[in-house]
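Residue strings, one per chain:
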Amino acid sequence: MSTPLTALPAAPAAPPPAWIEIDLDALAENHARLTGLMRAHNPAAEVTGVIKADGYGLGADIVGPALARAGAPALFVAHLSEGAALRRALRADPDPARHALPVYILNGMAEGERADFLAFDLRPVLNGPDDLDRWTRAGQAQGGPLPAALHIDTGMSRLGFDEAGFKALAADPARLGGVDIRITMSHLACADDPAHPLNRRQLDRFRAVTAVVGRGRLSLANSSGLFLGPDFHFDLGRPGVALYGVNPVPGHPNPMVPVVRLKARVLQVRTIDSFESVGYGAAARARPGMRVATLAIGYADGWPWSAAGKGEVVIAGHRAPILGRVSMDLVTVDVSTLPEPLIHGGAVAELIGDHRDIDALAKDAGTIGYEILTRLGRRYARQPMTSGQTQVYPIGVPTPQTEVDPAP
Ligand SMILES: *Cc1c(COP(=O)(O)O)cnc(C)c1O
């Protein structure tokens, strides 16, 4: 007889085969560093948090409340569904002061979404005249102007009031009378390339348009934009990726501290006897006597297929090179040089950590840190931690009860 559905546990109680450790102290430290950068020139400046795509893959329910505790005065997501989930997470915070933290929806409010925006207390980013009209009507129905952000396109040609939309607004600023604009914002296209002339052009345009229609606090800079100099800061920083430890100044030392560690268990260890290759496509050559460990992580977990055969993992403080192609659920590593007692089923391999950060992995995979983060899969456990902590899951195999960080 099988267990009735109502008696089944919601999820397995056993520890997960792969997990992400999220250092919330490091996240707060990155928020504080960016705040310090802005306040050196403008003591009233504040740093919001961009946590779209489920907190850049880390879990918006984890990083959202943590950034609120760190002092972010507002959070940005892209979709209504993300905003609704975030509001639920904020409302669960023990401190009621954070329950009503402003949450902005970057993609704006579509037709038919008004009731949800009101129910979840969300603010749209108004990206054009239609958005403005829709939010004006929502305010009329509610008995007064409702809070929102105004987004002006200054050169990215993506979202925001375009040239014609802005001119219409500038000719008749009274059209803004039916909404309560708290932030006037624009977005930089080339902030990670300080020498690009578009940065200065966007800055000049932002100054010109905000002189005419600027309402509330002004916000231009994403992570990299904050490093273009104080001219780009205005009132509110809008960083995402730098908060999570990705380098906002490519080609220079990373001014942020790492937030993410990615770990997976060893499933099996084998000694190569007569076989000559490892994995799909027989892409890796095996030598007799080589020892191969198979890890419980694959491209379905966001470990990039394109990084096949590149880089190393760390097992019990020792480096093991990654071998061959990445499978859907598995990665193989060469553990021939590691002391044998350390490598066994259940041992823990660190894939992202001090030895290999998100930027290094992205380079090997031919992509950007943003994509590595946002593709982190749904099968991982996401484990918030404090600095210096390392997760130890008790398991039924001989494993050290405390794991020592490989870092000195
Ligand atoms: C994603 C996004 C940000 C944050 O960008 P990062 O480069 O991750 O700092 C800021 N503003 C807007 C409009 C965005 O879409």
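Residues numbered from 1 in each chain as written. Predicted model: local features only at pLDDT ≥ 70, side-chain atom pairs only at ≥ 80, totals over all residues. Heavy atoms only, no water.

### Side note on the overall build of the chain
Stated formally: A run of H or I in DSSP counts as a helix once it spans at least four residues, and a run of E counts as a strand once it spans at least two, with each numbered from the N terminus. Categorising residues by exposure relies on relative accessible area from a 1.4 Å probe, with only protein chains included: less than 20% of the type maximum marks a residue as buried, more than 50% marks it as exposed, and the intermediate range marks it as partly exposed. Note on contacts: a residue pair qualifies if any of its non-hydrogen atoms lie within 4.5 Å across the two residues. Charge counting treats Lys and Arg as positive and Asp and Glu as negative, with His and both chain ends excluded. Throughout, a charge is located at the NZ atom of Lys, the CZ atom of Arg, the CG atom of Asp or the CD atom of Glu.
Summing up its helical and strand segments, the chain has ten helices and 19 strands in all. Taken along the three principal axes of its C-alpha coordinates, the chain extends 80 × 60 × 40 Å. Put simply, the chain has 408 residues, and 50% of those count as buried. By sequence separation, contacts in the chain at least 24 residues apart represent 69% of the contacts at least 6 residues apart. Looking at the chain, you have 39 positive and 42 negative side-chain charges, and the mean spots of the two groups are 1 Å apart.

### Section: the sheet that holds strand 7 (residues 146-151)
Condition: Any two strands between which DSSP finds at least two bridges are classified as paired. Only the stretch in contact is used when a helix axis is fitted, and all axes are lines through C-alpha atoms; the angle between N-to-C directions ranges over 0 to 180 degrees.
One open sheet accounts for seven strands, arranged 3-4-5-6-7-8-9; its pairing is parallel. Two strands bound the open sheet, and with one partner strand each, they are strand 3 (49-50) and strand 9 (217-219). As defined by bridge partners, strand 6 (residues 123-126) adjoins strand 7 across two bridges and the pair is classed as parallel. Within the sheet, the bridge partner assigned to Val 125 lies in strand 7 and is Ala 149. Packed onto the sheet, helix 6 (residues 129-142) meets strand 6, strand 7 and strand 8 (179-185) and runs at close to 170° relative to strand 7.

### Here we look at the domain arrangement of the chain
For clarity, the cut-off: Domain delimitation follows an automatic or database domain assignment. Note on terms: buried area is the combined drop in 1.4 Å-probe accessible area of two parts once they are placed together, counting the loss on both. Note on definitions: salt bridges are taken to be side-chain nitrogens of Lys or Arg within 4 Å of carboxyl oxygens of Asp or Glu. Polar contact is the term for a pair of N or O atoms within 3.5 Å; when the atoms are in protein, one must be able to donate a hydrogen and the other to accept it, and sequence-neighboring residues count only if both atoms are side-chain atoms. Ten residues, namely Ala, Val, Leu, Ile, Met, Phe, Trp, Tyr, Cys and Pro, are considered nonpolar, four, namely Asp, Glu, Lys and Arg, are considered charged, and the remaining ones, Gly among them, are considered polar.
Each assigned domain of the chain is listed here: domain 1 (45-243) and domain 2 (260-404). Between the C-alpha centres of domain 1 and domain 2 there is a distance of 38 Å. Taken over both partners, the interface formed by domain 1 and domain 2 buries close to 770 Å², and the fraction arising from carbon and sulfur atoms is 68%. Of all residues in domain 1, Tyr 56, Leu 58 and Val 241 bury the most surface against domain 2, accounting for 51% of the area lost on that side. Where domain 1 touches domain 2, the interface holds one salt bridge. Inspection of the domain 1/domain 2 interface yields two residue pairs in polar contact (both at pLDDT 80 or more). Looking at the side of domain 1 that touches domain 2 residue by residue, the class counts come to five nonpolar, three polar and one charged.

### Description of the UniProt feature "active site" (unreviewed entry) in the chain
Applicable threshold: UniProt positions are given in the numbering used here, feature names are shortened, and annotations may be inferred rather than shown by experiment.
According to UniProt, the feature "active site" (unreviewed entry) maps to Lys 52 and Tyr 280 in the numbering used here. Across 229 residues, the annotated set is spatially dispersed, with a maximum C-alpha separation of 34.7 Å. Mapped onto the secondary structure, Lys 52 falls in helix 2 (residues 52-56). According to the relative accessible area criterion, Lys 52 is partly exposed, its value standing at 27%.

### Side note on the site of the ligand
Defined as follows: Nearness is defined per residue: one heavy atom within 4 Å of the molecule or strand is enough. Residue burial considers only the protein chains on display, and all accessible areas are found by Shrake-Rupley using a 1.4 Å probe.
What surrounds the ligand is a group of 14 residues, the closest being Lys 52, Tyr 56, Ser 223, Gly 240 and Tyr 370. The side chain of His 187 places a nitrogen or oxygen atom 3.3 Å from a nitrogen atom of the ligand. Taking Val 241, its main chain carries an N or O atom lying 2.9 Å from an oxygen atom of the ligand. Protein contact buries 93% of the 390 Å² of open area that the ligand shows by itself. When grouped by side-chain class, the residues that make up the shell around the ligand number seven nonpolar, four polar and three charged.

### Topic: the confidence of the model for the chain
Caution applies to low-pLDDT regions: their predicted coordinates should not be interpreted in detail. Going by this rule: Per residue, pLDDT measures the predictor's confidence, with a range of 0 to 100.
Across the chain, pLDDT averages 93, with 95% of residues at or above 70. The low-confidence segment residues 394-402 (pLDDT under 50) makes twelve contacts with residues lying over four places distant or belonging to another chain.

### What about the pairing of strand 15 (residues 312-315)?
Walk down a regular strand and you will see the side chains alternate between the two sheet faces. Inspection of the sheet shows strand 15 paired to strand 16 (residues 318-323) by four bridges, in the antiparallel sense. Each bridged residue has a counterpart across the sheet, and for Val 314 the counterpart in strand 16 is Arg 319. Summarising the sheet, strand 15 and strand 18 (residues 348-352) pair through two bridges and their orientation is antiparallel. The residue bridging Ile 315 from the neighbouring strand is Ala 349, located in strand 18.

### Quick word on the UniProt feature "binding site: substrate" (unreviewed entry) in the chain
As annotated by UniProt and renumbered to match this structure, "binding site: substrate" (unreviewed entry) occupies Arg 158 and Met 328. A maximum C-alpha distance of 34.0 Å is found for the annotated residues, which run over 171 residues; spatially they are spread out rather than grouped. Within the secondary structure, Arg 158 sits in the loop between strand 7 and helix 7 (163-171). Judged by relative accessible area, Arg 158 falls into the exposed class, the value being 55%. Within the secondary structure, Met 328 sits in the loop between strand 16 and strand 17 (331-334). Sequence-distant contacts of Met 328, that is, excluding residues within four places in its chain, are made with Gly 298, Tyr 299, Ala 300, Asp 301 and Arg 379.

### Here we look at helix 6
Using the following cut-off: Every helix has an expected span of 1.5 Å times one less than the residues it contains.
For helix 6, built from 14 residues, the straight-helix expectation of 20 Å at 1.5 Å per residue is met to within 8% by its first-to-last C-alpha distance of 20 Å. Restricting attention to buried positions, one finds in helix 6 the residues Asp 131, Leu 132, Arg 134, Trp 135, Thr 136, Ala 138 and Gly 139. Of the surrounding elements, those touching the buried residues of helix 6 are helix 5 (114-119), strand 6, strand 7, helix 7 and strand 8. Positioned one or two residues after helix 6, Gly 143 has a phi angle of 95°, which is positive.

### Concerning the side chain of Glu 82
On the secondary structure map, Glu 82 appears in helix 4 (residues 80-91). Buried and without a salt bridge, Glu 82 has Lys 52 as its closest oppositely charged side chain, separated by 8.6 Å. In terms of polar contacts, Glu 82 uses its side chain to reach the backbone amide nitrogen of Ala 53, at 2.6 Å. When sequence neighbours within four positions are dropped, the list of residues in contact with Glu 82 reads Lys 52, Ala 53, Asp 54 and Val 77.

### Structural notes on the pairing of strand 8
The buried count for strand 8 comes to five of seven residues, which makes it a mostly enclosed element. Sheet topology places strand 8 next to strand 9; three bridges connect them, and they run parallel. Opposite Met 185, over in strand 9, you have Ser 219 as the bridge partner.

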